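Report on the structure
Chain by chain, the residues run as shown.
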Amino acid sequence: MAAVGKTHAARWTVVNVVVVLYALFPVWWIAALSFKDPSTLTDGDYIPRDWTWQNYRGIFATSEFTRALINSIGIALIATVIAVVLGTMAAYAVARLRFPGKRVLIGMSLLIAMFPPISLVSPLFNIERIIGIFDTWVGLIIPYMTFSLPLAIYTLSAFFREIPWDLEKAAKVDGATPAQAFRMVIVPLAAPGVFTTAILVFIFCWNDFLFAISLTSTESARTVPAAIAFFTGSSQFQQPTGSIAAAAVVITIPIIIFVLFFQRRIVAGLTSGAVKG
Amino acid sequence: MAEIILEGVTKRFPDGALAVKDVDLEIADGEFVILVGPSGCGKSTTLNMIAGLEDITEGTLRIGDRVVNDLAPKERDVAMVFQSYALYPHMNVGENMGFPLRLAKVDKATIDAKVAEAARILDLTEHLDRKPANLSGGQRQRVAMGRAIVRDPKAFLMDEPLSNLDAKLRVQMRTQISRLQRRLGTTTVYVTHDQTEAMTLGDRVVVMRQGLVQQIGTPAELYDSPRNIFVAGFIGSPAMNFLNATLEAGALRSPVGDLPLDDRTRRELERQNAPRQVILGLRPEAFEDAALAHDRDRTGPVFTTTVEVLESLGSDVYVYFTAEGGPATSAELEELATDSGMRDTGADASHIVARLDAATRAREGEPVRLQVDMAKAHVFDPGTGANLTHPLRAA
Amino acid sequence: MSMQAEPAGAPVPPEAEQTRQDTAALSVGARQERRLGWLLCAPAVVVMLAVTAYPIGYAVYLSLQRYDLRFPGQAKFVGLSNYGAVLTSPFWWDAFWVTLFITAVSVAIELVLGMCLALVMHRTIFTRGVVRTSVLIPYGIVTVVAAFSWQYAWTPDLGYLAGLLPAGDAPLTEQWPALWLIVLAEVWKTTPFMALLLLAGLALVPEETLRAAMVDGATPWQRFTRIMLPLMKPAILVALLFRTLDAFRIFDNIYILTAGAQGTGSVSILGYDNLFTSLNLGIGSAISVLIFICVGIIAFAFVKLFGAAAPGAEVKR
C-alpha cells in the first residue's frame with residue numbers, strides 16, 4: 001500500500017514539475033536574457049554567467065521607457081477604476097433587480113466580449129483624430145474600459161449572485177436602513193469580488209497591444225507593450241534585445257505579484273465569470 | 001411584546017398572481033402561532049408582510065397598537081430567524097448577535113452584556129469569537145436565534161428555522177425553541193411546511209393552502225375536527241385514510257363494509273344535504289384489532305381484510321391493507337399527494353394504514369378482523385371538500 | 001445556472017412580455033426597482049454603445065468610401081467596390097486561410113492540452129497551489145513579452161531552442177515553421193485559460209457519479225468519455241467558443257514574431273497594415289467589417305450548430 005502511494009506521489013511530482021516548467025520556462029528565459037551583458041547575450045545559457053543590471057539601468061535612463069511605464073500604469077489604473085465602477089453598478093442591477101432590458105444588456109456585453117478589436121481600430125483611429133483625443137491617455141482609456149466592461153459585468157454579477165439575499169433582509173429586520181444594510185453588510189461581502197474583478201480588468205488593460213500601437217503615435221500615451229515593440233538599439237549596430245528583455249521583465253512584475261498573492265481569487269474570478277455567467 | 005393583528009391582509013404580486021388572500025388572524029400577546037401548509041401556500045409571504053419585507057396589497061396589519069402597513073422593517077421592532085440563518089459571514093458570532101443593538105445605537109457595555117446573556121442561554125459562550133463558516137449547522141441556528149433574542153423585540157418571526165438541520169437535531173432544537181419561547185414570553189409567528197413541527201410547537205396553528213387560510217385552531221382541534229379534507233389530510237402522520245363511500249339507508253356503504261351511522265350524524269348529514277357519494281375519512285387509530293376491541297368492551301362494525309405489510313414500532317403496530325373500490329379523489333387530495341411526494345414514490349392512495357395495539361396477533365399475509373370506531377369517522381363532500389361531520393366534533 | 005441553449009429563435013422572452021402587460025399593475029416598489037435597474041445600467045450601456053456600435057457603423061460607412069489618408073481630399077463614395085477589391089485580392093484570402101489554420105490548429109491543441117492540464121489541477125494530490133499559480137503566469141503575462149521570449153528563443157545565435165536546430169536554420173523566416181511557432185506561442189499563452197474554464201466544468205461533475213461509474217465497472221477511459229465529457233459539454237463549448245473567437249483575432253503574437261512576413265499574416269495583421277502602413281482607411285475599414293462578419297458567423301455557428309449557450313444567456317438560477 002505504501003509502495004503504491006509512493007509511486008503515485010512520484011508520478012504526480014513528475015507531472016507537476018512538467019506543468020510548472022512549461023508555464024515558467026519562457027518567463028525564466030527572458031528574465032535570464034535581461035541580466036546578461038551584450039557579450040554573453042548570445043550564449044544561449046539559461047543562467048547568466050555574469051549578472052548585470054546594465055540593461056535595467058539602460059531602459060530607466062531613457063524617457064522612452066519611463067514615460068511608457070507611467071502611461072501604462074496610469075492608463076490601466078484609470079480604465080480599471082472606471083470599468084469596475086460602471087461594471088459594479090450594472091452587475092448589481094443584473095444580479096439583484098428585476099427590470100425589462102436585462103437580457104439586452106447581457107447580450108450586448110456578450111457581443112462586445114466577442115468583438116474583434118481590429119474592427120474598431122480604423123473607425124476609432126479616425127474618430128479620435130477628429131475629436132482630438134488621438135495619442136492621449138483618454139484615447140486609450142476609452143477603448144480599454146469598454147472592452148473590459150463585459151468582463152467586469154460577468155465576474156461581478158457572478159460574485160453578487162453568491163451573496164445571499166436573506167442577508168439584506170436580515171439586516172433590514174435587524175433595524176438597518178437600506179443605506180446601512182448596503183454599507184455594513186453588502187459592501188464588506190462584495191469587496192473581495194470587486195477587488196478580484198479589478199485585478200482581472202487591470203491585467204486585461206495592461207496586456208493590450210493593438211490599441212496601444214494604433215491609437216498612439218508618440219511617447220505621450222504609448223504604453224510599455226507598444227513602446228518595447230518600437231525599441232531600437234542604443235547604437236545602430238546593436239540589437240535592442242537586452243533592453244527589450246529588461247522592459248519585458250519590468251512589466252511582468254505586477255503580473256507575478258498578482259498571481260502569487262491572489263491566485264485563488266483570480267481562478268475564482270475567471271471561472272465564475274466565464275462559466276457560471 | 002405585543003399582539004399582532006391581520007385584517008383582510010392580501011398580497012398580489014406585480015405579475016397579478018395572488019399569493020395571499022384576505023387573511024384574518026389575531027395573535028395574542030405572548031402566543032406561539034404556526035403558519036403551516038405546502039410550498040407555495042402563502043405562509044412565507046404572510047410572514048414577510050409581517051416583517052415588512054413584502055408590501056401589503058390590501059388590508060391592515062397591526063403590531064401592538066400601531067398600524068404598521070407602511071413602516072419599514074426597522075421601525076416595526078420585530079426579529080426574524082431565516083431558514084438560511086442569514087448570518088453575516090464577515091462578522092463573528094458575538095458581532096452577529098450584537099448587530100441589531102449596534103444599529104439601534106445601544107452603548108457598547110449593554111451590547112456586550114446582552115450578547116453574553118443570550119450566548120449563555122443558547123450555550124454559545126465559547127464560540128463568540130468564531131466566524132459563522134466555522135460553526136456546525138446547529139450552532140449557526142442558535143446564533144440566528146441569539147440575534148433575535150438579544151433585542152427583546154415585540155415579536156419573533158421564524159421562517160422554517162429548523163429545516164436545514166438533520167432530523168435528530170431538528171427535534172432537539174424544536175424543544176429548545178419551545179422552551180425559550182415560554183421563558184421569554186415573546187409573541188412568535190413560526191412558518192413551517194412540517195405538520196409535526198406545527199403540532200408540537202404551536203399554541204395555535206394556521207393551515208394555509210393556495211393563499212387562503214383553511215383553518216385556525218389548537219393542534220388538538222385541527223386533529224380531531226378538521227374543517228375540510230385538506231386540513232384532515234395535511235395534519236397527522238401517518239395521514240388520514242380516505243375511502244369512497246355511498247350514503248344508503250342511514251349507513252355508509254364503504255370498502256370496509258357497511259358502517260351504520262348514529263342518529264346525530266345522520267341528522268347532521270341530512271341537514272347539510274350531503275350528496276350520495278361521499279369520502280370517508282378514517283385516521284389510522286380509528287381501526288382496532290377486533291379481537292382486542294372485544295376484550296376492551298368496545299363495539300363497532302367489523303370487517304375482514306388481509307394484512308399486506310406490517311410494521312411494528314414496539315408501542316404500536318401499523319398494518320397496511322388494500323381497500324376495494326379504488327382511491328378517493330379530490331383536488332385537495334391531489335395536492336396533498338403531490339406535496340408529500342407520494343407521486344414520486346409510486347405509493348397508491350388505495351392502500352390503507354391502521355394503527356393497532358402492540359398486543360395484536362395480526363401477521364403479514366394473513367387475514368385480520370378489524371373494528372372501526374365510528375366516533376372517529378369523518379365524512380367529506382367530494383365536491384367542496386368540506387367536512388360534513390365537523391359541526392358535531394367542533395362542539 | 002443553465003447552459004442549455006435557448007430554443008431556436010425565441011425572439012421575445014416570455015417574462016419580458018409579461019412585464020409589458022402588467023405595467024399598469026406594477027406596484028410602486030417594482031416601478032422603483034425598474035427605474036433603479038435602468039439607472040444603474042445606463043452608464044455601461046452608453047459607454048459600450050458609444051465605443052463599439054457607433055464606430056462599427058462608422059467603419060461600415062468608411063468602407064464604402066475611397067478614403068486614402070495620403071490623399072484625404074479625394075474621399076468619395078464608391079459603394080461596395082472596396083469589398084470587391086478585398087475579396088478578389090489574394091492577400092485577403094492568404095491571410096484568411098492563415099488565420100483559419102492558426103485558429104483551428106491552436107484551439108484543437110489547446111483543448112487537448114487544456115483538458116490534460118485541467119485534470120492535473122483537479123486531481124493532483126499536492127502542491128495544487130503551486131501548479132495553479134504557475135499556470136496563471138502564461139495567462140497573465142503580457143502577450144508581447146511572451147512573444148519576445150519565443151522570438152529570442154528561436155533566433156539563431158541567441159536562443160536556446162534555435163541551438164537545437166541545425167546551424168543556419170532560422171525557423172521564423174520560413175512560412176510553415178513560422179506558422180507552427182506562432183501556433184506554439186499562442187497555445188502556450190492561452191492553454192491555461194482554457195484549462196481553467198475546463199477545470200470549472202470538471203468541478204461540476206459530481207464525485208459520486210464517477211464513483212457510481214467505477215462501481216458499475218467503467219474503466220478510467222470510459223469514465224472520462226462516457227461520464228465526464230458529456231457532463232462537461234457545456235463548459236467545453238463555452239471554452240471553445242471563447243477561444244475560437246479569440247484566436248481568430250490573433251494579432252500580438254504574429255506582430256512580434258514575424259510581423260506578418262513570409263505569408264504568416266492574419267486578417268487582423270492585414271487590416272492593421274492597410275490602415276497604418278498603406279494608410280488606406282477605405283480598404284482597411286472594409287477588412288475590419290469583413291473580420292467582424294467572420295466573427296459573427298463563427299459565434300452564430302457555435303450557438304446554432306453545437307448549442308453552445310453564451311455565458312450569462314440564462315441569468316436566472
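All values reported here derive from a predicted model rather than from experimental measurement. (Residues numbered from 1 in each chain as written. Chains lettered and ligands numbered in written order. Predicted model: local features only at pLDDT ≥ 70, side-chain atom pairs only at ≥ 80, totals over all residues.)

Digging into the overall build of chain C
Of the regular secondary structure elements, chain C holds 12 helices and 2 strands. Split into buried and exposed, the 317 residues of chain C put 43% on the buried side. The long-range fraction of contacts in chain C, counting pairs at least 24 apart against all pairs at least 6 apart in sequence, stands at 70%. (Helix = DSSP H or I, 4+ residues; strand = E, 2+ residues; numbered from the N terminus. Buried ≥ 20, exposed ≤ 12 C-beta atoms within 10 Å, placed from the backbone. Contact = placed C-beta atoms within 7 Å.)

Things to note about the overall build of chain A
Counting its regular elements, chain A contains 11 helices and 0 strands. Listing the helices and strands of chain A from first to last along the sequence gives α-α-α-α-α-α-α-α-α-α-α. Taken along the three principal axes of its C-alpha coordinates, chain A extends 75 × 75 × 35 Å. A burial count over chain A gives 53% of its 277 residues as buried. Here the contacts in chain A between residues at least 6 apart in sequence split such that 75% fall between residues at least 24 apart.

A few points about the interface of chain A and chain C
Taken residue by residue, the interface counts 84 residues in chain A and 88 residues in chain C. It is helix H11 (residues 241-276) of chain A that contributes the most residues to the side of chain A that touches chain C, 17 residues altogether. Here the residues of the side of chain A that touches chain C are counted per class, giving 63 nonpolar, 17 polar and 4 charged. (Nonpolar A, V, L, I, M, F, W, Y, C, P; charged D, E, K, R; others polar.)

Considering the sheet that holds strand S15 (residues 287-289) of chain B
Residues and elements named next belong to chain B. Strand order in the open sheet formed by 3 strands is S15-S20-S16, with antiparallel pairing between adjacent strands. Either end of the sheet is taken by a strand with one partner, and the two such strands are S15 and strand S16 (302-306). Each neighbouring strand pair of the sheet contributes to a mean axis angle of 40°, computed without reference to strand direction. Here 5 bridges tie S16 to strand S20 (residues 367-372), and the two strands are oriented antiparallel to one another. Bridge pairing in S20 places Phe 303 opposite Leu 370. (Pairing = 2+ DSSP bridges. Axes fitted to C-alpha atoms, helices over the stretch in contact; angles between N-to-C directions.)

A few points about unusual backbone geometry
All names here are of chain B. A cis geometry characterises the amide bond from Ser 237 onward to Pro 238, with omega recorded as -5°. With respect to the element layout, Pro 238 can be found in the loop between helix H9 (229-234) and strand S11 (241-248). Residue Asp 123 is not a glycine yet carries a positive backbone phi of 65°. Mapped onto the elements of the fold, Asp 123 is located in the loop between helix H4 (108-121) and helix H5 (137-149).

Considerations on the packing of helix H7 (residues 175-203) of chain C against helix H9 (residues 220-248) of chain C
All names here are of chain C. Contact pair H7 / H9: the axes reach a minimum separation of 8 Å and the direction vectors enclose 155°. In this view, H7 runs roughly antiparallel relative to H9, as classed from their interaxial angle. The chirality of how H7 crosses H9 is right-handed. Contacts from Glu 186, Thr 190, Met 194, Leu 197, Leu 198, Ala 200, Gly 201 and Leu 202 of H7 reach H9 at Met 232, Ala 235, Ile 236, Val 238, Ala 239, Arg 243, Asp 246 and Ala 247. (Parallel < 35°, antiparallel > 145°, perpendicular 65-115°, else oblique. Left-handed = near helix turned anticlockwise from the far one by under 90°.)

So, the sheet that holds strand S18 (residues 316-322) of chain B
Strands in a sheet are paired, the pairing made by backbone hydrogen bonds, and the direction either parallel or antiparallel. All names here are of chain B. One open sheet accounts for 3 strands, arranged S17-S18-S19; its pairing is antiparallel. For this open sheet the edge positions go to strand S17 (309-312) and strand S19 (351-357), each flanked by a neighbour on one side alone. On average, adjacent strands in this sheet sit at an angle of 20° to one another, irrespective of strand direction. With 7 bridges connecting them, S18 and S19 associate as antiparallel partners. Of the residues in S19, the one forming a bridge with Phe 321 is Ile 352.

Structural notes on the packing of helix H4 (residues 90-123) of chain C against helix H11 (residues 267-276) of chain C
All names here are of chain C. Following both chains from N to C, one finds H4 and H11 inclined at 145°, their axes separated by 8 Å at the closest point. Of H11, the residues touching H4 (which contributes Phe 91, Trp 92, Ala 95, Phe 96 and Thr 99) are Val 267, Ile 269 and Leu 270. For the contact of H4 with H11, the class distribution of residues is 7 nonpolar, 1 polar and no charged.

A closer look at the confidence of the model for chain C
Residue and element names in this part refer to chain C. Predicted confidence across chain C gives a mean pLDDT of 81, with 85% of residues reaching 70 or more. When mean pLDDT is taken per element in chain C, H4 scores highest with 93 and helix H1 (residues 14-21) scores lowest with 38. Between residues 1-25, whose pLDDT stays under 50, and residues either more than four places distant or in other chains, the model counts 22 contacts. Residue range residues 310-317 is modelled with pLDDT below 50. Its contacts to residues more than four positions away, or to other chains, number 18 contacts. (pLDDT = per-residue confidence, 0-100.)

Focus: the nonpolar core
Counting 169 residues, the largest nonpolar core has A:Ile30, A:Ala90, A:Ala248, C:Leu198 and C:Leu257 as its most contacted members. The dominant element in this core, judged by the number of residues it contributes, is H7(C), at 16 residues. Residues lining this core come from more than one domain, with at least three contributed by each of domain 1 (1-52) and domain 2 (62-276) of chain A. Discounting residues that sit within four places of it in the chain, A:Ala248 has contacts with A:Ile30, A:Ile228, C:Val145 and C:Phe148. Counting 112 residues, the second largest nonpolar core, distinct from the first, contains B:Leu61, B:Val78, B:Ala148 and B:Phe234. (Core = buried A, V, L, I, M, F, W, Y, C linked by C-beta atoms within 7 Å. Domains from an automatic or database assignment.)

Here we look at the environment of B:Ala354
All names here are of chain B. Relative to the helices and strands, Ala 354 resides in strand S19. Along the backbone, Ala 354 and Asp 15 are 339 residues apart, and their C-alpha atoms lie at a distance of 46 Å. In contact with Ala 354, other than residues within four places in its own chain, are Pro 284, Phe 287, Val 319 and Leu 370.

Re H4(B)
Residue and element names in this part refer to chain B. The terminal C-alpha atoms of H4, which comprises 14 residues, lie 20 Å apart, in line with the 20 Å expected from a rise of 1.5 Å per residue. On its buried face, H4 is in contact with helix H3 (93-103) and H5. Asp 123 lies just past H4 and shows a positive phi near 65°. (Expected span 1.5 Å × (residues − 1).)

Describing the environment of C:Leu80
All names here are of chain C. By the secondary structure assignment, Leu 80 is in the loop between strand S2 (76-77) and helix H3 (81-87). Residue class for Leu 80 comes out exposed when judged on the 11 C-beta atoms lying within 10 Å of it. Leu 80 sits 168 residues away from Phe 248 along the chain, and the two C-alpha atoms are 24 Å apart.

Focus: the pairing of strand S1 (residues 4-12) of chain B
Consecutive side chains along a regular strand alternate between the two faces of the sheet. Residue and element names in this part refer to chain B. Judged from the 5 bridges that link them, S1 and strand S4 (residues 58-63) form a sheet pairing that is antiparallel. Pairing of Ile 4 across the sheet is with Ile 63, part of S4. For S1 and strand S2 (residues 18-27), the ladder comprises 6 bridges, and the chain directions are antiparallel. Of the residues in S2, the one forming a bridge with Val 9 is Val 23.

Re the domain arrangement of chain A
Interfaces are frequently sized by the accessible area removed from exposure as the parts join. Residue and element names in this part refer to chain A. Under the domain assignment used here, chain A contains domain 1 (1-52) and domain 2 (62-276). Distance from the C-alpha centre of domain 1 to the C-alpha centre of domain 2: 31 Å. Of the residues lining the interface, 8 residues belong to domain 1; the matching set on domain 2 comes to 7 residues. Among the residues making up the side of domain 1 that touches domain 2, the classes are represented as 6 nonpolar, 1 polar and 1 charged.

Quick word on the environment of B:Met158
All names here are of chain B. Within the element layout of this structure, Met 158 appears in strand S7 (residues 155-159). With 26 C-beta atoms counted inside 10 Å, the residue Met 158 sits in the buried group. Apart from the residues within four sequence positions on either side, Met 158 is in contact with Val 81, Thr 188, Tyr 190 and Val 191.

Some thoughts on the pairing of strand S8 (residues 187-192) of chain B
All names here are of chain B. Where burial is concerned, most of S8 is hidden: 6 out of the 6 residues are buried. Neither face of S8 is exposed, since Thr 187, Val 189 and Val 191 on one face and Thr 188, Tyr 190 and Thr 192 on the opposite face are all buried. Sheet analysis places strand S3 (residues 32-36) next to S8, joined by 5 bridges and oriented parallel. Within the sheet, the bridge partner assigned to Val 33 lies in S8 and is Val 189. The pairing of S7 with S8 spans 5 bridges and is classified as parallel. Across the sheet, the residue bridging to Leu 157 is Val 189, located in S8. Taken together, S7, helix H6 (residues 167-184) and S8 form a β-α-β motif whose crossover is right-handed. (Right-handed = clockwise from strand over helix to strand, strands pointing away.)

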